[in-house]
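# Overview (structure and organization)
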Amino acid sequence: GDKPMRIASLTKIMTAIVAIEHGDLSDMVTVSANAAGKEGSSIYLKAGDTMSLHNLLYGLMLRSGNDAATAIAEHVGGSLEGFVYLMNEKAQMIGLTGTQFKNPHGLDEEGHYSTANDLAKLTAYALRNPVFQEIVKTKIKTAPSPDGNGAYYWYNKNKMLSIFDGADGVKTGYTKLAKRCLVSSATRNGQQLAAVTLNDPDDWADHARLLRYGFERYPLSEIVRKGDRIAGTPFVVGKTFVYPLSEEERGTIRKEATVLSARSSGYAFGDRGTLTIFMGDRAIGTVPLYEENSPKLSMPDHTAFVYKESVSSETAEWFAFLRRLGATLVRLFTLTSDL
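Turning our attention to the overall build of the protein chain. When helices and strands are tallied, the protein chain shows eleven helices and 13 strands. Residue burial in the protein chain is summarised as follows: out of 339 residues, 46% are buried. Entry remark: accessible area of the protein chain is about 17,000 Å², with carbon and sulfur atoms responsible for 52%.

Now for the sheet that holds strand β11 (residues 253-259). Pairing within the open sheet is antiparallel, and its four strands lie in the order β9-β13-β12-β11. Two strands lie at the open edges of the sheet, namely β9 (235-237) and β11, each paired on one side alone. Strand-to-strand twist in this sheet, taken as the mean axis angle between neighbours without regard to direction, amounts to 30°. With three bridges connecting them, β9 and strand β13 (residues 282-291) associate as antiparallel partners. Residue pairing across strands places Val 237 opposite Leu 289, the latter belonging to β13.

Now for the layout of surface pockets. Of the pockets and cavities examined, the second largest pocket occupies roughly 280 Å³. Around the second largest pocket, the lining comprises 18 residues; the ones closest to its centre are Ser 9, Lys 157, Thr 172, Gly 173 and Tyr 174. Within the residue set of the lining of the second largest pocket, elements represented by two or more residues are β5 (167-175), β6 (179-188) and α9 (203-217). In terms of residue count, the dominant contributor to the lining of the second largest pocket is β5 (five residues). Among the residues forming the lining of the second largest pocket, the class breakdown is four nonpolar, ten polar and four charged.

Time to look at the sheet that holds β6. Pairing is antiparallel across the open sheet formed by three strands, whose spatial order is β5-β6-β7. Looking at strand neighbours, the two that pair on one side only are β5 and β7 (191-198), the edges of this open sheet. Averaged over all pairs of adjacent strands, the angle between strand axes in this sheet comes to 5°, irrespective of strand direction. Sitting on the sheet, helix α6 (residues 116-126) touches β5, β6 and β7, and the angle it makes with β7 is about 150°.

Its place among the elements puts Asp 203 in helix α9. A polar contact is formed between the side chain of Asp 203 and the side chain of Arg 180, at a distance of 3.0 Å. Setting aside residues no more than four positions away along its own chain, Asp 203 makes contact with Arg 180, Cys 181, Leu 182 and Thr 197.

The next point concerns unusual backbone geometry. Cis geometry marks the peptide bond from Gly 169 to Val 170; its omega dihedral reads 15°. Of note, Val 170 is situated in strand β5. The backbone phi angle of Lys 179 is positive, close to 65°, even though this residue is not glycine. As for its placement among the helices and strands, Lys 179 is situated in strand β6. With a relative accessible area of 38%, Lys 179 lands in the partly exposed category. The phi dihedral of Asn 189 falls on the positive side, at around 50°, and the residue is not glycine. Here Asn 189 is to be found in the loop between β6 and β7. Judged by its relative accessible area of 83%, Asn 189 falls in the exposed class.

Moving on to helix α3 (residues 53-62). Counting buried residues along α3, nine of its ten residues qualify, which places the element largely inside the surrounding structure. When α3 is considered as a whole, its buried residues turn out to be Leu 53, Asn 55, Leu 56, Leu 57, Tyr 58, Gly 59, Leu 60, Met 61 and Leu 62. Looking one or two residues past α3, Ser 64 carries a phi angle of roughly 60°, positive in sign.

Rules of the game
Residues numbered from 1 in each chain as written. Predicted model: local features only at pLDDT ≥ 70, side-chain atom pairs only at ≥ 80, totals over all residues. Heavy atoms only, no water. Helix = DSSP H or I, 4+ residues; strand = E, 2+ residues; numbered from the N terminus. Buried < 20%, exposed > 50% of the residue type's maximum accessible area, 1.4 Å probe, protein only. Areas by Shrake-Rupley, 256 points an atom, 1.4 Å probe, with all protein chains shown as cover. Pairing = 2+ DSSP bridges. Axes fitted to C-alpha atoms, helices over the stretch in contact; angles between N-to-C directions. 1 Å grid on protein atoms, 1.4 Å probe; cavity = no way out; pocket = protein on both sides within 12 Å on 5 of 7 lines; lining within 4 Å. Points joined across faces, edges and corners; volume = space filled by probe spheres on them. Nonpolar A, V, L, I, M, F, W, Y, C, P; charged D, E, K, R; others polar. Contact = heavy atoms within 4.5 Å. Polar contact = N/O pair within 3.5 Å; in protein donor to acceptor, adjacent residues only side chain to side chain.

See the structure below:
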């Protein structure tokens, strides 16, 4: 899973999430000659065409348009170089240690690679975005053609959406060097899983087997429920916590409560501590503790998951600053080079 390999159009998972996070979906994007002439898979854009960023993202993910990828990158990043900078910055922020991007479309290029494990982390991150999630589960998309005469009808290349019960994403990929690449996802009984294969000639069948294995062996298990009393304290659990566990792992779960001091800042806001859940020696999540009559218990119960790839708010702000600075420097460098 940690072997760096060519990833073809699986690259577009990163292209899409960066564009969603940094662009305005309602923006009208003007297609450059460079974008219109991009080789490989295409949605057949012409130089001078205009299309909303939102619709371009459908063309990117359903039809794997390299022209769409280039147009999106130039618009959102100010230049291809600026956008690739944002892609690599996002990879660093998510914790993708075996990944480097050189372009937004995935055509073979030296130094452009990722790993199956990194792509799984990236997919888990991207699927938490509702716009991304809606796009990749769409089987057919209708979009107005740029000339106003007729419409595009884009059919998703991802056959998993039709052949696997519960399938809801994500992206296909192929180049002569990368061979067949696929990231798939599916949701059953409230649990969403993703599978990744690189250079796999039998990917449709393999992904069906992988996803079935995941659902059967690692079903979601409820560890604690909101309102559960914590032994040895007058407090209760503030959120339900569920986690995918095999039968063997269920026996390794333990919980440790940490009670706040009455002088702490959180105490004044109703917080009374945290309950940390361990699987063996590894912490897999935390939930808040409240008093039994706390008004916080009446708030909607958003089931708690903890992603080990997540970063602190301070780190996120620092990355945001670096992103703005880096994108500005790349644009200034590009402008200076053109003078």
